[in-house]
Amino acid sequence: MIGFRAVTPVHIAPGCVSRLPEITRSLDLHDALLVIDEGMRPTPWPEQVLDALVATGLRVEIFDEVENNPSTETVTRMAELSREEKLDGVVGLGGDSVIDAGKAAAMLATNSGRAEHYEGENRYRNRPLPFVAVPTTCGSGSEVTWGSVLTHKPTQAKISVKGEGMFPNQALVDADLLSTLPPHLVAWTGLDALTHALEATTCDLANPASDAMAEKVVALLFRYLPRAFADVAGDDQARAAVMAAATLAGLAFSGADVAAVHCLSESIGGLADVPHSLLNAVLVAPVLRYHGACIEPRLAALQGLIEPGKSDRAPVTERAERFLQRLEALVRELEIPAFSTLGIAAEDYPQIAQGAMRNSSNGSNPQPMAATHYREILTGLAPP
């Protein structure tokens, strides 16, 4: 792990997407790949961004075939397109899938081979193309991280491609882009951001800087995520709060790490095409409960943030339990489905558990986690 740092210049303000032409000019881009997901097509944002880029004289190629869980095959195709068209930059407009795929494609466009050849850290030689991240969900934080999580379909596994040069060159975090996000995606991605913060502050690599950001995220999301879920288009304050929280959560976990929730969700996501944000939303409360006493002091401190002044003198165990109850209530309020509805077969639990144990973040857990522990969690989630 590389320790805490913030590398990407980040613009966090409603309406800041209007600065995109200025930013592409500062990066000296002339021919760019604009990456969007198919779900963005009915919204006004792709056309608005495309028009703004073209108005600056930029030649733009559009790629809109990124999956929920972006694959190494798709990233390789994006890189090949960039090379063939002699593109000199990439703009990612979308959620975590688009931004992860865009980062990886920007790297692969200047390096040979396929995306899976670069699994691990700093495996590439040539500097990636400039990449500008424009998130449209309130979850991943990928706009400020150095990694890309991809699905390698032949092995049904998620891999991580990371590099010092893969931090986006610029990020435009514009809360107005959330106004067209469906309520269920507000819920899923908002809880994804909360998961990032909670794992960052309870994992073995937590530090004062990551803790400070994680605490701010917890306070913001418990207060504003239900409001954004209820009316993301009409509640400007809630929309801005959850969008900022997502980026702060990305900084928190990139300066510490994630842990068992992500180990499980990434293992499941390699096997089954379930959105990563939904898996985190489903898994976060039961996994934190599984960690038990080893994270109680941290959860007790977080409880004081979401209910200041209440139970301050109560025992640590009692305050930690109260926090978990509030988290479970939030998950219910946001209408997150049960694990049993996701179509994960019990016969796949051994493979999922092994994949979780092999995850690069497994060693950051607040307690040792073997495959048997992950199977216990999965079994506990199964219907009686």
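Keep in mind that what you see is a predicted model, and the values were worked out from it rather than measured. (Residues numbered from 1 in each chain as written. Predicted model: local features only at pLDDT ≥ 70, side-chain atom pairs only at ≥ 80, totals over all residues. Heavy atoms only, no water.)

For the rest of this paragraph, the subject is the overall build of the protein chain. Counting its secondary structure elements, the protein chain contains 13 helices and nine strands. Summarising its shape, the C-alpha atoms of the protein chain cover approximately 60 × 45 × 35 Å along the three principal directions. In the form shown here, the protein chain has an accessible surface area of approximately 14,800 Å², with 50% of it arising from carbon and sulfur atoms. Measuring between centres, the 30 positive side-chain charges of the protein chain sit 4 Å from its 47 negative side-chain charges. (Helix = DSSP H or I, 4+ residues; strand = E, 2+ residues; numbered from the N terminus. Areas by Shrake-Rupley, 256 points an atom, 1.4 Å probe, with all protein chains shown as cover. Lys, Arg positive; Asp, Glu negative; His and termini not counted. Charge placed at Lys NZ, Arg CZ, Asp CG, Glu CD.)

This part covers unusual backbone geometry. Its identity as a non-glycine residue notwithstanding, Asp 28 has a phi of 60°, on the positive side. Structurally, Asp 28 can be placed in the loop between helix H1 (20-26) and strand S2 (31-36). Despite not being glycine, Glu 335 has its phi angle at roughly 60°, a positive value. Secondary-structure assignment places Glu 335 in the loop between helix H11 (316-333) and helix H12 (349-358). Taking the relative accessible area as the measure of exposure, Glu 335 reaches 60% and is therefore exposed. (Buried < 20%, exposed > 50% of the residue type's maximum accessible area, 1.4 Å probe, protein only.)

Let us look at the packing of aromatic side chains. One pass over the structure, following the stated rule, counts two aromatic pairs. Between Trp 146 and Phe 167, the ring centres sit 6.4 Å apart and the planes meet at 25°, which makes this aromatic pair stacked. Of the two residues, Trp 146 is situated in the loop between strand S6 (131-135) and strand S7 (147-152) and Phe 167 in the loop between strand S8 (157-162) and strand S9 (170-173); the sequence distance between them amounts to 21 residues. As far as the burial class goes, Trp 146 and Phe 167 line up, both buried. (Phe/Tyr/Trp six-rings, centres within 6.5 Å; stacked < 30°, edge-to-face > 60°.)

The next subject is the layout of surface pockets. Taken as a whole, the second largest pocket encloses approximately 510 Å³ of empty space. Around the second largest pocket sit 24 residues that line it, and Glu 119, Lys 158, Arg 358, Asn 359 and Ser 360 are the ones nearest its centre. Taken together, the elements giving at least two residues each to the lining of the second largest pocket come down to strand S5 (120-121), S8, helix H8 (260-271) and H12. Looking at which element gives the most residues to the lining of the second largest pocket, the answer is S8, with five residues. (1 Å grid on protein atoms, 1.4 Å probe; cavity = no way out; pocket = protein on both sides within 12 Å on 5 of 7 lines; lining within 4 Å. Points joined across faces, edges and corners; volume = space filled by probe spheres on them.)

Running from N to C, helix H5 (residues 183-202) and helix H6 (residues 208-231) point in directions that differ by 160°, and their axes come no closer than 9 Å. One finds that H5 runs roughly antiparallel with respect to H6. Taken as a pair, H5 and H6 cross one another with a handedness that is left-handed. Contacts from Pro 183, His 184, Val 186, Ala 187, Gly 190, Leu 191, Ala 193, Leu 194, Ala 197, Leu 198, Ala 200 and Thr 201 of H5 reach H6 at Ser 210, Asp 211, Ala 214, Val 217, Val 218, Leu 221, Phe 222, Leu 225, Ala 228 and Phe 229. Counted by class, the contact of H5 with H6 contains 17 nonpolar, four polar and one charged residues. (Axes fitted to C-alpha atoms, helices over the stretch in contact; angles between N-to-C directions. Parallel < 35°, antiparallel > 145°, perpendicular 65-115°, else oblique. Left-handed = near helix turned anticlockwise from the far one by under 90°. Contact = heavy atoms within 4.5 Å. Nonpolar A, V, L, I, M, F, W, Y, C, P; charged D, E, K, R; others polar.)

Moving on, we come to empty space enclosed by the protein. Taken as a whole and judged by the stated rule, the model has one cavity of 30 Å³ or more. Volume-wise, the largest cavity comes out at about 50 Å³. Lining the largest cavity, in full, are Lys 103, Ala 106, Met 107, Pro 128, Leu 129, Phe 131, Gly 165, Met 166, Phe 167, Pro 168 and Asn 169. The greatest single-element share of the lining of the largest cavity, amounting to three residues, is contributed by helix H4 (residues 96-108). In the lining of the largest cavity, the residues fall into eight nonpolar, two polar and one charged.

If you check which residues of H12 are buried, you get Tyr 349, Ile 352, Ala 353, Gly 355 and Ala 356. In a view along the axis of H12, the buried residues occupy a sector of 165°, so they form one face of it. Of the surrounding secondary structure, the elements contacted by the buried residues of H12 are H8 and helix H13 (371-381). (Arc of directions from axis to C-beta.)

The next thing to look at is the sheet that holds S8. Pairing between sheet strands relies on hydrogen bonds along the backbone, with the strands arranged either parallel or antiparallel. A sheet is described by the order of its strands in space; here three strands give the open sequence S5-S8-S7, paired in mixed fashion. Since the sheet does not close on itself, it has two edges, and those belong to S5 and S7, each with one partner. Of the strands in this sheet, S7 and S8 touch H4, which is tilted by about 95° from S7. Most of the contacts of H8 go to S8, to which it runs at about 115°, and overall it touches S7 and S8. (Pairing = 2+ DSSP bridges.)

Once that is clear, we can look at the sheet that holds S2. Pairing within the open sheet is parallel, and its six strands lie in the order S1-S9-S6-S4-S2-S3. With partners counted over all chains shown, the strands left at the sheet margins are strand S1 (10-12) and strand S3 (59-63), one partner each. If you compare each strand with its neighbour and ignore which way they point, the axes differ by 15° on average. Those strands touched by helix H2 (residues 45-55) are S2, S3 and strand S4 (89-94), and its axis lies near 155° from that of S3.

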